[in-house]
Amino acid sequence: MSTIEAHTLGPVSLGCFCLPAIDADIPTALDEGAKRREILSRFAVAAAAEGVKLPAGDFRSIEQVVQAQWQQYVNSYADGTFGGLAGLPAVEVTDEKLTVVIESRSTLNAYQLKPVVEALEKSQAGLGWFVEAVISSASYFGHELYTMGFVAYMLDNLHWNVDEHTDDAYARAMLMEEGSEPPEGPIPPETMDRLRQDYNYWPSTVLAEVDGHGHLLSWGRKPKTTLKPAQARRWLAHHPRHKHAKAVNLALQVQAMFSRAKRDFTWCFEDDDIETIGALAFVAWDSPRLLFEAVNHHEECQYQGGQAVEAFARCQVKTNSETIDADLRHLARATVNYMRRWALLEALLSQFPTWEGDDDV
């Protein structure tokens, strides 16, 4: 956990003076950072009230206190926690806002859903998709994941005029792009052969990347059979020694936590137009190569837009709020809950294999 104070350029100093200890309400230092330090101090007190203990030791600034306070809280988790899902919580303060932001990291794990989901589906239809659905819902609560949906996002620019996700529909769209009128009947084999050589990302090829499970790409409906939490709990009670029982147990815990969660840490665009870049991890069906390509495309577009930051979640408090202390308490509580969900989600994803290919992730 890091603490960042955003400074503004002040007027040129013409001298200095000192005030005697007249009243405790008179600050010992007069500068433009006094308000920010006061907010940080009140945030430290609010966090302590939410169970984030104040650190022991000597510190030279309130920034160091807040950083040590939250680092101490992070360290209270088991060794290695927050290593599988990459991100850095940081506290940023300006005269207008205090923000806890989750900054991105450049090296991410790539998890593979297929082995666990398929094994669970063999045991009980709908169980594997229950676990997958829990993981896929994480981004809704600010725990951003690069899922296979980013592949569909990339292909939107190529398939925008495709009526359905079939090779025939894609071929007809490409002919129209070339200025040719598609035939009313079947497309001649020689024309299809030529189109396949000239164009990439055919729907059949993309669907093969997810073994036909189009809902992972937001293509088509979700599986007809997806267990409810109560059904998953019943399966777990009868299969406590199953190879993937721990994955189901953790998925139930994550689902329960999400069911109570507030969307405090979703990126809010009310006050600015800044776009986000980054995530906690890649979550592919099997090979993540196409997902890597899609994410690279997505991040390049974000960078080129000029209004992007390497962060993906934040929770803010306005410093001029009339209920500032209550708001700071809420921010501290939201941060603690976010970290708890983060740790549990990481434990769940640790039950899935990671990609060991040569691709740079």
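Summarised in this report is the structure supplied together with it. (Residues numbered from 1 in each chain as written. Predicted model: local features only at pLDDT ≥ 70, side-chain atom pairs only at ≥ 80, totals over all residues. Heavy atoms only, no water.)

If you look at the biggest cluster of nonpolar residues, it comprises 96 residues, and the most contacted ones within it are F43 and F352. Considering each element in turn, this core owes the most residues, 14 residues, to helix α12 (residues 324–349). Setting aside chain neighbours within four positions, we find F352 in contact with Y111, Q112, L113, V116, V117, V131 and I135. Residues V162, Y170, M174 and L195 belong to the second largest nonpolar core, which totals 11 residues. (Core = buried A, V, L, I, M, F, W, Y, C linked by side-chain atoms within 4.5 Å. Buried < 20%, exposed > 50% of the residue type's maximum accessible area, 1.4 Å probe, protein only. Helix = DSSP H or I, 4+ residues; strand = E, 2+ residues; numbered from the N terminus. Contact = heavy atoms within 4.5 Å.)

A few words on the packing of helix α3 (residues 114–123) against helix α4 (residues 127–136). Interhelical geometry of α3 versus α4 gives an angle of 140° and a closest axis separation of 6 Å. Counted together, V117, L120 and E121 of α3 and L127, G128, W129, V131 and E132 of α4 form the full contact between these two elements. Here the residues of the contact of α3 with α4 are counted per class, giving five nonpolar, one polar and two charged. (Axes fitted to C-alpha atoms, helices over the stretch in contact; angles between N-to-C directions. Nonpolar A, V, L, I, M, F, W, Y, C, P; charged D, E, K, R; others polar.)

One pass over the structure, following the stated rule, counts 15 aromatic pairs. Seen from their ring centres, Y77 and F82 are 5.1 Å apart, and the 75° between their planes marks the pair as edge-to-face. With a centroid separation of 4.8 Å and 70° between ring planes, the pair formed by F282 and F292 is classed as edge-to-face. One end of the pair, F282, is in strand β7 (residues 282–284); the other, F292, is in helix α11 (residues 289–305), and 10 residues separate them in sequence. With respect to burial, F282 and F292 carry one shared label: buried. Among the aromatic residues, ring-to-ring pairing joins F43, W70, Y73, Y77, F82, F265, Y338 and W342 into one connected group. Against the face of W202 rests R196, its NZ or CZ located 4.8 Å from the ring centre. (Phe/Tyr/Trp six-rings, centres within 6.5 Å; stacked < 30°, edge-to-face > 60°. Lys NZ or Arg CZ within 6 Å of the ring centre and 35° of its normal.)

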